[in-house]
Amino acid sequence: MGPMKTVVRDQALYEAKSGKLIKDGFADYREVEAYVKHHYLALPVVDNAGKAWVLDDGPIYCLHGSQYELLNDQRVHLSRCPDCGGMGIRADEFVVESDCIRCTQCGHEFDARLEMMET
Ligand SMILES: [Zn+2]
């Protein structure tokens, strides 16, 4: 079991699946992040501008630093764009060996393996 997936609405934190309120009255997003860090919770992934990643009309969660999951716990192969922090998806038109990832936001293409070696 990974951390509980949450969503933020109107300065309040909810369980993403049940919609149950976890805590409200946050002053800003930073406070939410601090709270989530100290509990076993996961926030939707956002890019560098604070815009949430969306795949299949749902938020994306990053678990264990590098594993991305949909709300229904299905694992997805995604990478974070080094330029804008946007969602990078595998570019299917390229040969599989290249492991090329394309950012859905800015169109930047990068190699997921290079990114892994750096971290
Ligand atoms: Zn990008």
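Because the structure is a prediction, the values reported are computed rather than measured. (Residues numbered from 1 in each chain as written. Predicted model: local features only at pLDDT ≥ 70, side-chain atom pairs only at ≥ 80, totals over all residues. Heavy atoms only, no water.)

### As for the overall build of the protein
Logical step 1: Looking only at helices and strands, one finds two helices and 12 strands in the protein.
Logical step 2: For the protein, the N- to C-terminal ordering of α and β elements is β-β-β-α-β-β-β-β-β-β-β-β-β-α.
Logical step 3: Taken across its 119 residues, the protein has 38% of its residues classed as buried.
Logical step 4: When contacts within the protein are restricted to residue pairs at least 6 apart in sequence, long-range pairs at least 24 apart make up 30% of them.
Logical step 5: When the accessible surface of the protein is summed, it comes to about 7600 Å², and 52% of that surface belongs to carbon and sulfur atoms. (Helix = DSSP H or I, 4+ residues; strand = E, 2+ residues; numbered from the N terminus. Buried < 20%, exposed > 50% of the residue type's maximum accessible area, 1.4 Å probe, protein only. Contact = heavy atoms within 4.5 Å. Areas by Shrake-Rupley, 256 points an atom, 1.4 Å probe, with all protein chains shown as cover.)

### Overview of the coordination of the zinc ion
Logical step 1: Protein-derived ligands of the zinc ion are Cys81 (SG), Cys84 (SG), Cys103 (SG) and Cys106 (SG), with the metal-ligand distances lying across 2.3 to 2.4 Å.
Logical step 2: Read from N- to C-terminus, the donor residues coordinating the zinc ion fall into the pattern C-x2-C-x18-C-x2-C. Taken together, the residues Cys81 in the loop between strand 9 (78-80) and strand 10 (87-90) and Cys106 in the loop between strand 11 (100-103) and strand 12 (109-111) connect sequence positions 25 residues apart.
Logical step 3: Assessed through its relative accessible area of 3%, Cys81 is described here as buried. (Donors = N, O, S within 2.8 Å, 3.2 Å for Na, K, Ca; no water.)

### Re the pairing of strand 2 (residues 12-15)
Logical step 1: The two faces of strand 2 match: Ala12 and Tyr14 on one face and Leu13 and Glu15 on the other face are all buried.
Logical step 2: Sheet topology note: the strand 1 (residues 4-9)/strand 2 ladder contains four bridges and is antiparallel. Across the sheet, Arg9 pairs through a bridge with Ala12, a residue of strand 2.
Logical step 3: Between the end of strand 2 and the start of strand 3 (residues 21-23), which pair antiparallel, lie five residues, with Gly19 showing a positive phi angle near 80°. (Pairing = 2+ DSSP bridges.)

### Points about the nonpolar core
Logical step 1: With eight residues, the main nonpolar core is built from Val45, Trp53, Ile60, Tyr68, Leu70, Val76, Leu78 and Met87.
Logical step 2: With near-sequence residues (within four places) excluded, Leu78 lies in contact with Trp53, Leu55, Ile60, Tyr68, Met87, Gly88 and Ile89. (Core = buried A, V, L, I, M, F, W, Y, C linked by side-chain atoms within 4.5 Å.)

### Focus on the sheet that holds strand 1
Logical step 1: Spatial ordering of the open sheet is given by 3-2-1-4, a layout of four strands whose pairing is mixed. Every other strand in the sheet has two partners, leaving strand 3 and strand 4 (41-42) as the edge strands with one partner each.

### Examining helix 1 (residues 29-37)
Logical step 1: If you check which residues of helix 1 are buried, you get Val32, Tyr35 and Val36. When helix 1 is viewed along its axis, its buried side chains cluster within an angular range of 95° and face the same direction. Of the residues in helix 1, the exposed ones pointing more than 90 degrees away from the buried face are Arg30 and Lys37.
Logical step 2: Lining the buried residues of helix 1 we find strand 1, strand 2, strand 3 and strand 4.
Logical step 3: Where helix 1 begins, the capping side chain belongs to Asp28, and its oxygen is found 3.2 Å from the backbone nitrogen of Arg30. (Arc of directions from axis to C-beta. Polar contact = N/O pair within 3.5 Å; in protein donor to acceptor, adjacent residues only side chain to side chain.)

### Details of the environment of Val32
Logical step 1: Among the secondary structure elements, Val32 is positioned in helix 1.
Logical step 2: Looking at Val32, the relative accessible area reads 1%, which means it is buried.
Logical step 3: Setting aside its immediate chain neighbours within four residues, Val32 contacts Val8, Leu13, Phe26 and Leu43.

### Focus: the packing of aromatic side chains
Logical step 1: Under the defined criterion, the tally for this structure stands at two aromatic pairs.
Logical step 2: Relative to Tyr35, the ring of Phe26 has its centre 5.6 Å away and its plane inclined at 65°; by these criteria the two rings are edge-to-face.
Logical step 3: Its relative accessible area of 6% is what places Phe26 among the buried residues.
Logical step 4: A cation over an aromatic ring shows up here: Arg9 above the ring of Tyr14, its NZ or CZ 4.6 Å from the ring centre.
Logical step 5: The residue whose ring lies beneath Lys23 is Phe26, and the NZ or CZ to ring-centre distance is 5.7 Å. (Phe/Tyr/Trp six-rings, centres within 6.5 Å; stacked < 30°, edge-to-face > 60°. Lys NZ or Arg CZ within 6 Å of the ring centre and 35° of its normal.)

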